Amino acid sequence: MARDERRRHQLAIRWKNPWEPQWMPASLRDTINNRYHSRDFNYARSEYLRTRMLFVGLVFTLLAPLWLLVDYLLLPVELMTSVAYGRLGLMLVLLGVLYAAWNSQHKLSRLRNSLAAMMLAPALFYGYLVIMYGDQLNSLVGYSFIPLLIIAFLSVFPLTLIESFGIGFLVLLTQVIALTLTGELTTAYGWQDLWLLFTLLGISLWANHSQVSALLRLYRQASMDSLTGLLNRGILLKQLEQLYLEHQKQRDSKEPSSPITLLMFDLDRFKKVNDTYGHSIGDQALQVFAQILRSELRKNDLVARYGGEEFMAVLPGTPKQDALEVAERIRAQCEQAFVLAHDGQRVHFTTSIGITQVRAQETLEDALKRVDSRLYMAKHQGRNCYVDADLPPGTSPVYS
Ligand SMILES: Nc1nc2c(ncn2[C@@H]2O[C@H](COP(=O)(O)OP(=O)(O)OP(=O)(O)O)[C@@H](O)[C@H]2O)c(=O)[nH]1
């Protein structure tokens, strides 16, 4: 089989069954870190994280001074003043963390740092108490369970395993240092303490994995088109809006802003494909086209099924000339691709493409209308071609 022929054939059979990879429960790979999470999922996760942080942070902040009552009942009088100051300091740190979390909407890495600070502040406070007043504190139940409580609280948050383990590890380290300084690390008490912390950390990690994978699965179900496995229209528009707002912000602050290029595709005379070969063959053509888009676009481009046989790609940071080359590659690939009809006949299909860049001072709706009108022009100029919107009206050449 000639190379070209083989490639065409592979294209025809390589379309993915959308029910397989994307809809499976998220695997360990998806919950270890956020490498495979989409930008939008990071936004959604940061929102969950923030809401829970505000709640847990408030509980910790209120507990810090309220615990003085426990101190009053349990601590020797000579310790009360210094512990009370310590608690006040802890409360101030926690208030600072709450303030930072409140102002970190959609800022995942800032939220992660604030969460680490929120968890480590009580751990350090506890470590300090143990080191300073170890002999007097160890018999008091109320203090020895602080590190356990912190590690247990990790399970409340939708953290990736690395994030959760990082915080848990620092809490454990604080405990190891405290136990070493009090000379208890090698005692039965020290081992029992660390064993308990490790076990609890394991349980929290399991809870984090379950939580993140459930969120991911729900998110993927809600954001993907079931036939092609691409994004659906709603989520594309949402992500495009976020990109657009960032773009505006960069422009307002006079930072160099990267262009946003829009490509809109519509399969040509698709009704005829359906009418001649049946809907299932039409569906396969849509899946093959989705596969072409996936193979020609970069990982951080957004690509969605926009409507029935309409698709949209958003290319952030792509100069116009590169976008035109991408459009041409997709057009040419589509022309070569085919699906096999029930009688073994090859069913070919083509696409028309409208292209534009989001311009300064215009709304997103303007840009969307323009790309749609250029797609319409491509249809009128004979189909199987692309039309670039950014050339003066009337001079827009047809590339095919
Ligand atoms: N098989 C299949 N067909 C679909 C799907 N969604 C939309 N279509 C079909 O796509 C066709 C679109 O037809 P038209 O809007 O008339 O456009 P067209 O025939 O592609 O003609 P031009 O766009 O003018 O080139 C209709 O027959 C729809 O039924 C789908 O999910 N699967």
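So, here is what we can say about the structure in this document. Residue numbers run consecutively from 1 along every chain, following the written order of its sequence. pLDDT decides what is reported in this predicted model: residues at 70 or higher carry local features, side-chain atom pairs at 80 or more are listed and counted, and totals for whole chains, interfaces and linings draw on all residues regardless. Based on all heavy atoms of the structure, the side-chain values leave hydrogens and waters out of the count.

1. A short note on the packing of helix α12 (residues 279-296) against helix α13 (residues 320-336)
Stage number 1. As a rule, the C-alpha atoms of each element are fitted with a line to give its axis, helices using only the stretch in contact, and angles between N-to-C directions run from 0 to 180 degrees. Every helix listed is a DSSP run of H or I at least four residues long, and every strand listed is a run of E at least two residues long, numbered separately from the N terminus. Close contact between α12 and α13 brings their axes to 10 Å; oriented N to C, the two are set at 145°. Crossing of α12 over α13 shows right-handed handedness. From α12, Phe289, Ile292, Leu293 and Glu296 reach across to α13, where they touch Val326, Arg329, Ile330, Gln333 and Cys334.
Stage number 2. Charged residues are taken to be Asp, Glu, Lys and Arg, nonpolar residues to be Ala, Val, Leu, Ile, Met, Phe, Trp, Tyr, Cys and Pro, and polar residues to be all remaining types, Gly included. Of the residues contributing to the contact of α12 with α13, the split by class is 6 nonpolar, 1 polar and 2 charged. What makes a crossing left-handed is the near helix being turned counterclockwise from the far one by less than a right angle; a clockwise turn instead makes it right-handed. Any two residues whose heavy atoms approach within 4.5 Å at even a single point are treated as in contact.

2. A closer look at the packing of aromatic side chains
Stage number 1. Ring pairs shown here join Phe, Tyr and Trp side chains whose ring centres sit within 6.5 Å, with only the six-membered ring taken for Trp; geometry is labelled stacked below 30 degrees between planes, edge-to-face above 60, and tilted in between. As enumerated under the stated definition, the model contains 5 aromatic pairs in all.
Stage number 2. Consider the rings of Phe60 and Phe153, whose centres lie 5.1 Å apart with planes at 90°: the pair is edge-to-face. Remark: Phe153 occurs in helix α7 (residues 146-153) and Phe60 occurs in helix α3 (residues 39-74); sequence separation between them is 93 residues.
Stage number 3. Exposure is judged per residue with a 1.4 Å probe applied to protein chains only, and the accessible area is read against the type maximum: over 50% gives exposed, under 20% gives buried, and values in between give partly exposed. For Phe60, a relative accessible area of 8% puts it in the buried group.
Stage number 4. Seen from their ring centres, Phe265 and Phe289 are 5.7 Å apart, and the 70° between their planes marks the pair as edge-to-face. One end of the pair, Phe265, is in strand β2 (residues 260-267); the other, Phe289, is in helix α12, with 24 residues separating them in the sequence.
Stage number 5. On the accessibility criterion, Phe265 (0% relative accessible area) is buried.

3. Notes on the nonpolar core
Stage number 1. Counting 48 residues, the largest nonpolar core has Leu115, Met118, Met119, Tyr143 and Phe157 as the members making the most contacts within it.
Stage number 2. When residues of this core are traced back to their parent elements, those giving at least two are α3, α4 (77-102), α5 (108-137), α7, α8 (161-181) and α9 (188-223).
Stage number 3. In terms of residue count, the dominant contributor to this core is α5 (14 residues).
Stage number 4. Formed by 34 residues, the second largest nonpolar core is a distinct cluster that contains Ile281, Phe289, Leu293 and Val303. Grouping buried Ala, Val, Leu, Ile, Met, Phe, Trp, Tyr and Cys residues that are joined through side-chain atoms within 4.5 Å yields what is termed a nonpolar core.

4. Notes on the side chain of Thr31
Stage number 1. Turning to its location among the elements, Thr31 is positioned in helix α2 (residues 28-32).
Stage number 2. Of note is the side chain of Thr31, whose polar atom sits 2.7 Å from the side chain of His209.
Stage number 3. When neighbours within four sequence positions are excluded, Thr31 is seen to be in contact with Thr160, Leu161, His209, Val212 and Ser213. We call two N or O atoms a polar contact when they sit within 3.5 Å, provided that within protein one can donate a hydrogen and the other can accept it, with sequence-adjacent residues counted only if both atoms are side-chain atoms.

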